[in-house]
Amino acid sequence: MPVLELKNVKKFYKMPGGGRFEALHGVSAKFNAGEMVAIVGESGSGKSTLMNTIGGLDSDFEGEILYEGKNLRDFSTKEMVNYHKKSIGFIFQNFNLIPHLDLIDNVSIAMTLSNVGEDFRRQRAKDLLKQVGLEEHMYKKPDQLSGGQKQRVAIARALVNDPDVIIADEPTGALDAETTDVILDMIRDIAVEGKLVLMVTHSEKVAAHCSRVLRIDRGQIVDDHEQKPIEHQQIDRENIVVHNMSLWKAIKLAFKNMKAKFGRNALVATGMGIGIMSVILMLSLGKGVTSYVSGQMNTYSNPLVAEIQKTSSQKMQQKKMQDVQKGDSAALAKQQQENMNSLSGTSATNSFSSKDLRKLKRIKHVKKLQKGYTAISLGTNQISYKKKRATLIYLKTVNDAIAKSEIKHGRLPKAGKDEVMIDNGTAETLGKHMIGKTIKAHLQLGTKTIDKKVKVVGTYEQAGNSGSMSTILLPYSDLKQLFKDNGLTLKPNVVYLTSSEQKYTEAIKTKAKDLGFAGSMQEQMTQMFDSILSVLTYVLTAIAAVSLVVSAIMILVVLNISVVERTQEIGVMKALGARRKDIRRIFSSEAFLIGLGSGIVGVLLTWLLSLAINHYTISAFKAAVVTLTPQYALTGVVVSVVISMIAGILPSNHASKLDPVDALRKE
Ligand code: ADP
Ligand code: MG
């Protein structure tokens, strides 16, 4: 059976203005193993068209081509891929080596596409390079070689999977006479080994070397005659099993491609990296500032204690607000009075009823409920020692929320002994050593103002920075007695709930809020601040994200340029058996690598910037404001990879759909 048989093969090219041009007019021929066929004819006679059709690069023809009796037209995609990989080896006039791969990789690219193991692949490439006399140049790139050397590499590449047929389209067309002889000898050796060699040539001298000459004119065979047959030598055939290229191989190949244009890729990655950086930096800054602010505002540091305040129900407040908005002046006045009262601690709506207390006590994991009272005074509450006087903002009761570490000097006041604790700042305005000193307190209790002598037994500095708020603290029972003495009743307006374990504190707070109560004033303010900050952060992040869109477009453009630049390379890969999927994977992997690189650059830049910014803010106001969490870093990398892979979809698809014949014709 002939290796190849052509039956009445016709090929039409569509003309730009409509109509068809017939490049092959019904070619029929049989080719056997071990033949060396010279295909000669004028330029434009259809030789390349015939070779491409036989080689399976162009399936748009009429008639039949049988390979070992099997019709190419009936090949499955897989069989076609195997036909390219194992049955046919191509040698081109202009070599078509891949410029950024070294000779070993160029020779073994077909094996890479076939997922052949690394060691075997390299060894085989080295053996073949040795066979063509290039063992000293194995690690060079193609453009460091002369034309003859390049063609020798191309011959080694065509032989790498040990094909049955070698198609050489004017292999010596670009070479000088001397080199031509060397190359011809090599190609002849291929036929000696028993393979079928189809070689297009212009030169009669070259044709004279072949066992058969096939003359083509205007798409038809005009002469087909045998010459002196080739003497064969029996040689061992390689048994190379071809598979589909793995994703990992595609990524590795992509990595080599990326290295070739390192400068350009590094620039793109940096550009995208800056975009990623601005996004992560905004998020980290938002996080850092938020936690700084909450640290500042969160006065109480005992993690076991939840401070709960009473608020009138939301509905009532809404109703009130509506009345106020309707211009009801009485409602407005009432609301203002109410606001004042709630601040000074005299508001009835802000006190806890015994029913409230029972409800709170019943919350799961609440170990202890402590009543408390907080009032803010705007100038009335004062303390004095000798001639010095200090105005107080807070009047509070001793509570479990105060952590031991907050007490600077002395201890907490005990009940029934007229003892108080004041904040450190206020203590310093009164005198140097205030512990044990008796001071005069001028306090507003509900509607009355009283004067009383009390003893300072401790000073404290609240966690965070609100220590600057001057405060007097006394036991709840003492305050209750004071109220009673003055004909008033004290109702708690704050409650401290101690949880049995720290992990339950948050749940207790949440439950209390569900029941219609509120967290501490600081907490409420912190929450408000938090929400303002997070809105700000998101707005800034969104602005920063615009730069990512720009980066995505940049990547798309760069990948597209890369596809155009590498059209020829894509053609070669397809001729060697690369599937569309393989090409798409290689380009997607390049997009993936750019994305990964950009993400890493982005995170690194953010990290460096955060070091610099935090260094500055720590020295300026003792706090780091950029918190780069691992989650943000990871998000940055993932976002970067996703964006650049999306940008890579179009170029990779474009590359995978390139027609190998068109791609190879490109110079
Ligand atoms: P050869 O290799 O013998 O020089 P080709 O096979 O390349 O000739 O071309 C044969 C004929 O087909 C030429 O006339 C050429 O102009 C025409 N041809 C080749 N490729 C195309 C194409 N893609 N579209 C239209 N005409 C083509
Ligand atoms: Mg040609």
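Residues numbered from 1 in each chain as written. Chains lettered and ligands numbered in written order. Predicted model: local features only at pLDDT ≥ 70, side-chain atom pairs only at ≥ 80, totals over all residues. Heavy atoms only, no water.

Before going further, it helps to examine the nonpolar core. Within soluble globular proteins, side chains that are nonpolar tend to cluster in buried spots. One finds Leu4, Phe31, Ile54, Tyr83, Leu129, Leu198 and Met199 to be the most contacted residues of the largest nonpolar core, which totals 96 residues. Both domain 1 (4-244) and domain 2 (259-295 + 530-665) contribute no fewer than three residues apiece to this core. Among all residues touching Leu4, those that are not within four sequence positions of it are Ala29, Lys30, Phe31, Ile54, Ile65, Leu66, Tyr67, Tyr83, Val165, Leu196 and Leu198. In this structure, Tyr373, Leu430, Ile439 and Ile472 belong to the second largest nonpolar core, which totals 26 residues. (Core = buried A, V, L, I, M, F, W, Y, C linked by side-chain atoms within 4.5 Å. Buried < 20%, exposed > 50% of the residue type's maximum accessible area, 1.4 Å probe, protein only. Domains from an automatic or database assignment. Contact = heavy atoms within 4.5 Å.)

By the bridge criterion, five bridges tie strand S1 (residues 4-14) to strand S4 (residues 62-67) in an arrangement that is antiparallel. Within S4, the residue paired with Leu6 across the bridge is Ile65. Here S1 runs beside strand S2 (residues 20-31); their pairing, made up of nine bridges, is antiparallel. From the neighbouring strand, Leu4 faces S2, where its bridge partner is Phe31. Joining the antiparallel neighbours S1 and S2 is a turn of five residues, in which Gly18 adopts a positive phi near 90°. (Pairing = 2+ DSSP bridges. Helix = DSSP H or I, 4+ residues; strand = E, 2+ residues; numbered from the N terminus.)

A few words now on the site of ligand 1. In the vicinity of ligand 1, the residues found are Tyr13, Phe21, Ala23, Glu42, Ser43, Gly44, Ser45, Gly46, Lys47, Ser48, Thr49 and Arg665. Within the side chain of Tyr13, a nitrogen or oxygen atom sits 3.5 Å from a nitrogen atom of ligand 1. One of the side-chain nitrogen or oxygen atoms of Thr49 is found 2.5 Å away from an oxygen atom of ligand 1. For ligand 1, the accessible surface in isolation is 560 Å², of which the surrounding protein chains cover 68%. (Near = heavy atom within 4 Å. Polar contact = N/O pair within 3.5 Å; in protein donor to acceptor, adjacent residues only side chain to side chain. Areas by Shrake-Rupley, 256 points an atom, 1.4 Å probe, with all protein chains shown as cover.)

On inspection of all chains with the given rule, the structure shows 28 salt bridges. Linking Asp181 and Lys205 is a salt bridge whose minimum nitrogen-to-oxygen distance equals 3.4 Å. Residue Asp181 is found in helix H6 (residues 177-192), and its partner Lys205 is found in helix H7 (residues 204-208); the two are separated by 24 residues along the sequence. Assessed through its relative accessible area of 33%, Asp181 is described here as partly exposed. Its relative accessible area of 51% is what places Lys205 among the exposed residues. (Salt bridge = Lys/Arg side-chain N within 4 Å of Asp/Glu carboxyl O.)

Close contact between helix H8 (residues 247-260) and helix H18 (residues 580-621) brings their axes to 8 Å; oriented N to C, the two are set at 65°. When the axes of H8 and H18 are compared, the crossing they make is right-handed. Across the interface between the two elements, Leu247, Ala250, Ile251, Leu253, Ala254, Phe255, Asn257 and Met258 of H8 pack against Arg585, Ile586, Ser589, Glu590, Leu593 and Ile594 of H18. Along the lines of polarity and charge, the residues of the contact of H8 with H18 split into ten nonpolar, two polar and two charged. (Axes fitted to C-alpha atoms, helices over the stretch in contact; angles between N-to-C directions. Left-handed = near helix turned anticlockwise from the far one by under 90°. Nonpolar A, V, L, I, M, F, W, Y, C, P; charged D, E, K, R; others polar.)

This part is about the sheet that holds strand S23 (residues 517-519). Spatially, S12-S22-S11-S23 is the arrangement adopted by the four strands of the open sheet, whose pairing is antiparallel. A strand with exactly one partner marks an edge of an open sheet, and here the two such strands are strand S12 (366-372) and S23. On average, each strand axis in the sheet is inclined to that of its neighbour by 35°, with strand direction left out of account. Where S12 meets strand S22 (residues 494-499), six bridges bridge the pair, whose relative direction is antiparallel. Counted as the bridge partner of Gly372 is Val494 from S22. Against the sheet, helix H15 (residues 505-514) touches strand S11 (305-310), S12, S22 and S23, its axis set at about 10° to S11.

Turning our eyes to something else, we now look at the packing of aromatic side chains. Both the distance between ring centres and the angle between the ring planes are used here to describe each pair of aromatic rings. Scanning the model with the defined rule gives five aromatic pairs in all. Look at Phe75 and Tyr83: their rings are 5.6 Å apart centre to centre, the planes differ by 75°, and that puts the pair in the edge-to-face class. The same class applies to Phe75 as to Tyr83, namely buried. Of the aromatic side chains, those joined through ring pairs into one cluster are Tyr67, Phe75 and Tyr83. (Phe/Tyr/Trp six-rings, centres within 6.5 Å; stacked < 30°, edge-to-face > 60°.)

Bringing the UniProt feature "transmembrane region" (unreviewed entry) in the chain into the picture now. The residues that UniProt annotates with the feature "transmembrane region" (unreviewed entry) are residues 266-286, 535-559, 591-612 and 632-650. Secondary structure across residues 535-559 comprises 100% helix and 0% strand; the distance between its end C-alpha atoms is 36 Å. Each end of residues 591-612 is marked by a C-alpha atom, and these two atoms are 31 Å apart; helix forms 100% of the span and strand 0%. (UniProt positions renumbered as here; feature names shortened; annotations may be inferred.)

On to unusual backbone geometry. What is expected of a backbone is that most residues other than glycine have negative phi and most peptide bonds are trans. Positioned with a positive phi, Asn8 is a non-glycine residue whose angle comes to about 50°. Within the element layout of this structure, Asn8 appears in strand S1. Residue Asn8 is classed as partly exposed on the basis of its relative accessible area of 41%. Within the chain, Lys386 stands out as a residue other than glycine whose phi angle is a positive 50°.

In terms of domains, the chain is made up of domain 1 (4-244), domain 2 (259-295 + 530-665) and domain 3 (300-524). In this structure, domain 1 and domain 3 have C-alpha centres spaced 93 Å apart.

Next up on the list: helix H5 (residues 147-159). Given a rise of 1.5 Å per residue, 13 residues ought to cover 18 Å, and the 19 Å separating the end C-alpha atoms of H5 matches this to within 8%. Across the 13 residues that make up H5, a large majority, eleven, are buried. Those residues of H5 that fall on the buried side of the exposure criterion are Gly148, Gln149, Gln151, Arg152, Val153, Ala154, Ile155, Ala156, Arg157, Ala158 and Leu159. Buried residues along H5 sit in contact with strand S6 (88-91), helix H3 (103-113), helix H4 (118-131), strand S7 (165-169), H6 and helix H17 (567-575). (Expected span 1.5 Å × (residues − 1).)

Turning next to the UniProt feature "domain: ABC transporter" (unreviewed entry) in the chain. Here the UniProt feature "domain: ABC transporter" (unreviewed entry) sits at residues 4-243. A distance of 24 Å separates the end C-alpha atoms of residues 4-243, which is 32% helix and 26% strand.

Structurally, the position occupied by Asn257 is in helix H8. On the accessibility criterion, Asn257 (5% relative accessible area) is buried. At 2.4 Å, the side chain of Asn257 forms a polar contact with the side chain of His100. Not counting residues up to four positions away in its chain, the partners in contact with Asn257 are His100, Leu101, Arg566, Glu569, Ile586 and Glu590.

The next subject is the environment of Leu134. Checked against the element boundaries, Leu134 lands in the loop between H4 and H5. As a C-alpha pair, Leu134 and Gly636 span 502 residues in sequence and 47 Å in three-dimensional space. Not counting chain neighbours up to four residues away, the residues in contact with Leu134 comprise Leu129, Gln149, Arg152 and Val153.

Residues Arg580, Lys581, Arg584 and Lys657 make up a contiguous surface patch of positive charge. Examined against the element boundaries, Arg584 turns out to sit in helix H18. With relative accessibility at 32%, the residue Arg584 sits in the partly exposed group. (Patch = residues over 30% accessible without salt bridge, like charges linked within 9 Å, V, L, I, M, F, W, Y side chains within 5 Å. Lys, Arg positive; Asp, Glu negative; His and termini not counted. Charge placed at Lys NZ, Arg CZ, Asp CG, Glu CD.)

For the structure on display, the rule yields five cavities of 30 Å³ or more. The computed volume of the largest cavity comes to approximately 80 Å³. Contributing to the lining of the largest cavity are Leu101, Asp105, Ile109, Thr112, Glu118, Arg121, Lys249, Lys252, Leu253 and Lys256. Where the lining of the largest cavity is concerned, the elements lending two or more residues are H3, H4 and H8. (1 Å grid on protein atoms, 1.4 Å probe; cavity = no way out; pocket = protein on both sides within 12 Å on 5 of 7 lines; lining within 4 Å. Points joined across faces, edges and corners; volume = space filled by probe spheres on them.)

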